[in-house]
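Residue-level structure breakdown
Here are the chains, one letter per residue:
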Amino acid sequence: RYASRLVEGLEQASSGLAIPEGAHRLALSGFGVLDNLVVEPMVRTEPAAGELEIAVHASGLNFRDVLRALGMLRDHEKAIGIRDHRDVTFGFECAGIVTRVGDGVTRYRPGDRVMALSTARLASHVTVHERYVAPMPRDSSFDEAATVPLAFLTAWYGLERLAKLRPGERVLIHAAAGGVGQAAVAIAKAAGVEIFATASRSKHAFLQSLGVKHVYDSRSTAFAAEILRDTAGRGVDVVLNSLNQEFIPTSVEALARGGRFVEIGKIGIWSAERFAEARPDATYLPFDIGEDERRSPGLIAGLLAELLPRFESGGLAPLPHEAFPLSEAVRAFRFMQQAKHLGKVVIELPPQAIDTAI
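Here is a short report on the structure shown in this document. Because the structure is predicted, anything quoted here is derived from the model rather than measured.

1. Structural notes on the overall build of the protein chain
Scanning the protein chain from N- to C-terminus turns up 13 helices and 15 strands. Taking 2.2 N^0.38 as the reference for a compact globule, 358 residues should give roughly 21 Å; the C-alpha atoms of the protein chain span a radius of gyration of 21 Å, in line with that estimate. Once the C-alpha set of the protein chain is aligned to its principal axes, its extents read approximately 65 × 60 × 40 Å. In the protein chain, buried positions account for 52% of the 358 residues. For the protein chain, restricting intrachain contacts to residue pairs at least 6 apart in sequence, the fraction spanning at least 24 positions comes to 65%. Here the protein chain has roughly 16,400 Å² of accessible surface; of this, 50% comes from carbon and sulfur atoms. Across the protein chain, the 40 positively charged side chains and the 43 negatively charged ones have centroids separated by 4 Å.

2. Quick word on the pairing of strand β14 (residues 321–325)
Summarising the sheet, β14 and strand β15 (residues 344–348) pair through 5 bridges and their orientation is parallel. Directly across from Phe324, in β15, lies its bridge partner Ile347.

3. Section: the packing of helix α5 (residues 149–162) against helix α12 (residues 299–312)
Between α5 and α12, whose axes approach to 10 Å, the crossing angle comes to 95 degrees. Considering their axes alone, α5 and α12 lie roughly perpendicular with respect to each other. Side by side, α5 and α12 meet where Phe152, Leu153, Trp156, Tyr157 and Arg161 of the first sit next to Leu299, Ile300, Gly302, Leu303, Leu304, Glu306, Leu307, Arg310 and Phe311 of the second.

4. Quick word on helix α13 (residues 329–337)
Of the residues making up α13, those classed as buried are Ala329, Val330, Ala332, Phe333, Phe335 and Met336. In this structure, the buried side of α13 is in contact with β1 (24–28), β2 (37–41), β3 (51–61), α2 (63–70), β14 and β15. Positioned one or two residues after α13, Ala339 has a phi angle of 55 degrees, which is positive.

5. What about the nonpolar core?
It is characteristic of soluble globular proteins that their nonpolar side chains tend to be buried jointly. Counting residues in hydrophobic clusters, the biggest one holds 96 residues, and the most contacted among them are Leu26, Phe90, Phe152, Val171, Ile173 and Phe333. If one sorts the elements of this core by residue count, α5 sits on top with 8 residues. Discounting chain neighbours no more than four positions away, the residues touching Val171 are Leu159, Leu165, Ala188, Val193, Glu194, Ile195, Phe196, Val236 and Val238. Counting residues in hydrophobic clusters, the runner-up holds 19 residues, among them Phe196, Phe247, Val252 and Phe261.

6. Some details on α12
In a regular helix each residue adds 1.5 Å, so 14 residues correspond to 20 Å; α12 covers 21 Å between its end C-alpha atoms and thus fits that length. Turning to α12, its buried residues number three or more, namely Leu299, Ile300, Leu303, Leu304, Leu307, Leu308 and Phe311. Check the buried side of α12 and you find it contacts β5 (113–117), β7 (133–135), α5 and α11 (289–295). Where α12 ends, the next residue or the one after it, Gly314, has phi of about 90 degrees, a positive value.

7. Some remarks on the environment of Ile264
Along the chain, Ile264 turns up in the loop between β12 (255–263) and α10 (272–278). Considering only alpha carbons, one finds Ile264 and Ala23, 241 residues apart in sequence, at a separation of 33 Å. Ignoring sequence-local partners within four residues, the contact set of Ile264 consists of Thr154, Val180, Leu240, Asn241, Ser242 and Phe287.

8. Structural notes on the pattern of salt bridges
Taken as a whole, this structure holds 22 salt bridges when the rule is applied. Here Glu306 makes a salt bridge to Arg161, at a shortest N to O gap of 2.9 Å. Note that Glu306 is positioned in helix α12 and Arg161 in helix α5, a separation of 145 residues in sequence. With its nearest N and O atoms 3.8 Å apart, the salt bridge here joins Lys266 to Asp288. Taken together, the residues Lys266 in the loop between β12 and α10 and Asp288 in the loop between β13 (283–286) and α11 connect sequence positions 22 residues apart. On the basis of relative accessible area, Lys266 is assigned to the partly exposed category, the value being 24%. On the accessibility criterion, Asp288 (9% relative accessible area) is buried. One network of salt bridges, with partners in common, ties together Arg64, Arg68, Glu77, Lys266 and Asp288.

9. Focus: the side chain of Glu77
In this structure, Glu77 sits in helix α3 (residues 74–77). Residue classification places Glu77 among the buried positions, given a relative accessible area of 2%. Excluding its chain neighbours within four sequence positions, the residues that come into contact with Glu77 are Arg64, Arg68 and Ile82.

Conventions adopted
- Residues numbered from 1 in each chain as written.
- Predicted model: local features only at pLDDT ≥ 70, side-chain atom pairs only at ≥ 80, totals over all residues.
- Heavy atoms only, no water.
- Helix = DSSP H or I, 4+ residues; strand = E, 2+ residues; numbered from the N terminus.
- Rg over C-alpha atoms; globule rule 2.2 N^0.38 Å.
- Buried < 20%, exposed > 50% of the residue type's maximum accessible area, 1.4 Å probe, protein only.
- Contact = heavy atoms within 4.5 Å.
- Areas by Shrake-Rupley, 256 points an atom, 1.4 Å probe, with all protein chains shown as cover.
- Lys, Arg positive; Asp, Glu negative; His and termini not counted.
- Charge placed at Lys NZ, Arg CZ, Asp CG, Glu CD.
- Pairing = 2+ DSSP bridges.
- Axes fitted to C-alpha atoms, helices over the stretch in contact; angles between N-to-C directions.
- Parallel < 35°, antiparallel > 145°, perpendicular 65-115°, else oblique.
- Core = buried A, V, L, I, M, F, W, Y, C linked by side-chain atoms within 4.5 Å.
- Expected span 1.5 Å × (residues − 1).
- Salt bridge = Lys/Arg side-chain N within 4 Å of Asp/Glu carboxyl O.

Here it is as structure tokens:
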């Protein structure tokens, strides 16, 4: 039998995660459930040559953070040194204030408002090489700036660098109401591309309010037949895919002859051989921007240089977002896990964490 019960410690649990004094980071006490998230003390790292330290005001949450907490990426991430829960870090992007700079750093100085892309960004202080740092978009808040780095770099790299979108083409953007999806919609609109999108039904009106005319149910594989119907059997020129299982072959069906399939998923994705067997006429473009940066240092700096002028000109803007304090990180992770968000989920660092004093 199931019944509601009062249990010891309920009041403490409802108050959220305890935040220690001084520098700290979000960590994990064990894989499997989001309630294992904890905030633990950390040691600030002195910036080396070419590096700078940022006091973080806001950090963008990504679905990969959720998958890490649940232990669903353990096999995939062994190659980058994550072998148990103690190796896990969270956060891939942040916005804050520069506190210290290392030798040779001339573009930034203490007090500058910046955003950054790298690992372990969900912490009160982060030390990062200046090549992964950019000025915050003019007039944006810290929360807004934290929505920019990973979503826009992923979408820009996939659609512009790899797929080479051309005006007048058609693109299918899966999970278009999420962070990367919203960035992809903005980039596709600026490129003069006809957008086809999937999302849960509750988010269709939101996408249509942005001018996306072709919106389909992301929980059903019927979208492929519907897209072929709406394009007179031709399909789309580019697919930006983040879905898995039976949605992959269905997405392949919606791809026009000679099209490009951009894969940003991590779990259950196709191999290049399997894609070539199914669609020898099309191009398969799976990528992980972090792994590509390790193979080609400077990639991210180049992408940031391409994107920033578009924010300054007003051609692109930070994403809609939902913000949670760090003490409510479990609720933020669960909110993203349940796909309730539109745009990004942002975690705000508490006031004592953003003190710029050394």
